[in-house]
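Architecture at a glance
Here's the letter readout for the chains.
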Amino acid sequence: MKKQHMAETFGFFQAWLKNPLRVAAIAPSGRALASLITSETSHDTGPVIELGPGTGAFTRALIARGVRQEDLALIEFGSEFAAALQFHYPRARTLCMDAARLRTVDLFDGRSAGAVVSGLPLLSMPPRKVIAILIGAFRKMEPDGALYQFTYGPRCPVPPRLLDHLGLEAERIGGAFANLPPAAVYRIRRTHPPLSTLSRFSSRQHVLVE
């Protein structure tokens, strides 16, 4: 297990060297952060979508909490990470793709997800891309589903104005100070009317980026 962790850390660092903006951290997420971001998930959550799983730190935590591999959709842009995820979690559905295209794919044969766990570096992405990711994620979820997003910054990586326009709200659920670097986790949920707000906003994404 120690050798596997060292290999994952080295591979993660290599990926960061190749594309620091996409990877956005020099080491994989630690156990404290993985435990925190998955703390509200269980077997009863049903299908879970993981965005940017990387080396699988959150994936392992989800499985440890009772989420079945068959109920996992792993959306990973990095081909090196996607290949490793497919090898280690063969019963999960691993897709090597941009998370901004999430709404274009059927992940669980028509079933909605109960949660989305995101390891994406939203702070390094343009607003238009963040909007596409959020719209896709919430269209794939149950009305009461939540997206769990971590950040190394001092506040939620999705700004209040964007959340408000999408009909979403964010709440900080805790911090993982033992992580390298220290991180915080936010739960993002729908406010009121969920789908109609997202549908209207998807056709006028330019409003927030002008």
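The structure contained in this document is the topic of the report that follows. In this convention, every chain numbers its residues from 1, walking through the sequence in written order. Owing to the predicted nature of the model, reporting of local features is limited to residues with pLDDT of at least 70; listing and counting of side-chain atom pairs is limited to 80 or more, with chain, interface and lining totals taken over all residues. Excluding hydrogens and water, the side-chain figures rest on all heavy atoms present in the structure.

Moving on: the packing of aromatic side chains. Two rings belonging to Phe, Tyr or Trp (six-membered ring only in the last case) form a pair when the distance between their centres is within 6.5 Å. Interplanar angles under 30 degrees mark stacking, angles over 60 mark edge-to-face geometry, and anything in between is tilted. Within the structure shown, the criterion is met by two aromatic pairs. On the basis of an interplanar angle of 85° and a centroid distance of 5.8 Å, the ring pair of Phe58 and Phe150 is categorised as edge-to-face. With Phe58 in helix H4 (residues 57-64) and Phe150 in strand E5 (residues 141-151), the pair connects residues that are 92 residues apart, well separated along the chain. Here the two residues Phe58 and Phe150 agree in accessibility, since each one is buried. With centroids separated by 5.3 Å and ring planes inclined at 70°, the aromatic side chains of Phe150 and Tyr152 adopt a geometry described as edge-to-face. Taking relative accessible area as the criterion, Phe150 reaches 9% and is therefore assigned buried. Only protein chains enter the accessibility calculation, which uses a 1.4 Å probe; a residue whose area is less than 20% of its type maximum is buried, one above 50% is exposed, and one in between is partly exposed. A relative accessible area of 31% means that Tyr152 is categorised as partly exposed. Among the aromatic residues, those joined into a ring-pair cluster are Phe58, Phe150 and Tyr152. Think of it this way: any DSSP run of H or I at least four residues long counts as a helix, any run of E at least two long counts as a strand, and we number them from the N terminus.

Attention now moves to the nonpolar core. By nonpolar core we mean a set of buried residues, namely Ala, Val, Leu, Ile, Met, Phe, Trp, Tyr and Cys, connected to one another through side-chain atoms within 4.5 Å. Counting residues in each nonpolar core, the largest one holds 34 residues, and the members touching the most others are Ile49, Leu51, Ile75, Leu107, Leu134 and Val158. Elements with a contribution of two residues or more to this core: strand E1 (48-51), strand E2 (72-75), strand E4 (113-118), helix H6 (127-139), E5, helix H7 (160-166) and strand E7 (183-190). With seven residues, H6 is the single largest residue contributor to this core. We call two residues contacting when some pair of their heavy atoms lies within 4.5 Å. Apart from residues lying up to four places away in sequence, Val158 is in contact with Leu122, Val130, Leu134, Leu163 and Ile188.

As a further point, take the pairing of E1. The side-chain alternation of E1 yields two buried faces, one formed by Val48 and Glu50 and the other by Ile49 and Leu51. Here four bridges tie E1 to E2, and the two strands are oriented parallel to one another. Directly across from Leu51, in E2, lies its bridge partner Ile75. One requirement defines pairing of two strands: DSSP has to find at least two bridges between them. Taken together, the four bridges between E1 and E4 define a ladder with parallel strand orientation. Looking at the pairing, Ile49 lines up with Val116 of E4.

The next point concerns the sheet that holds strand E3 (residues 93-95). Pairing within the open sheet is mixed, and its seven strands lie in the order E3-E2-E1-E4-E5-E7-E6. Both outer strands of the open sheet, E3 and strand E6 (168-176), are each paired with one neighbouring strand and no more. Across the sheet, the mean angle separating the axes of adjacent strands is 20° when strand polarity is ignored. Bridge count for E2 against E3 is three bridges, and the pairing is parallel. The axes used here are C-alpha line fits, helices contributing only the stretch in contact, and every angle between their N-to-C directions lies in the interval 0 to 180 degrees.

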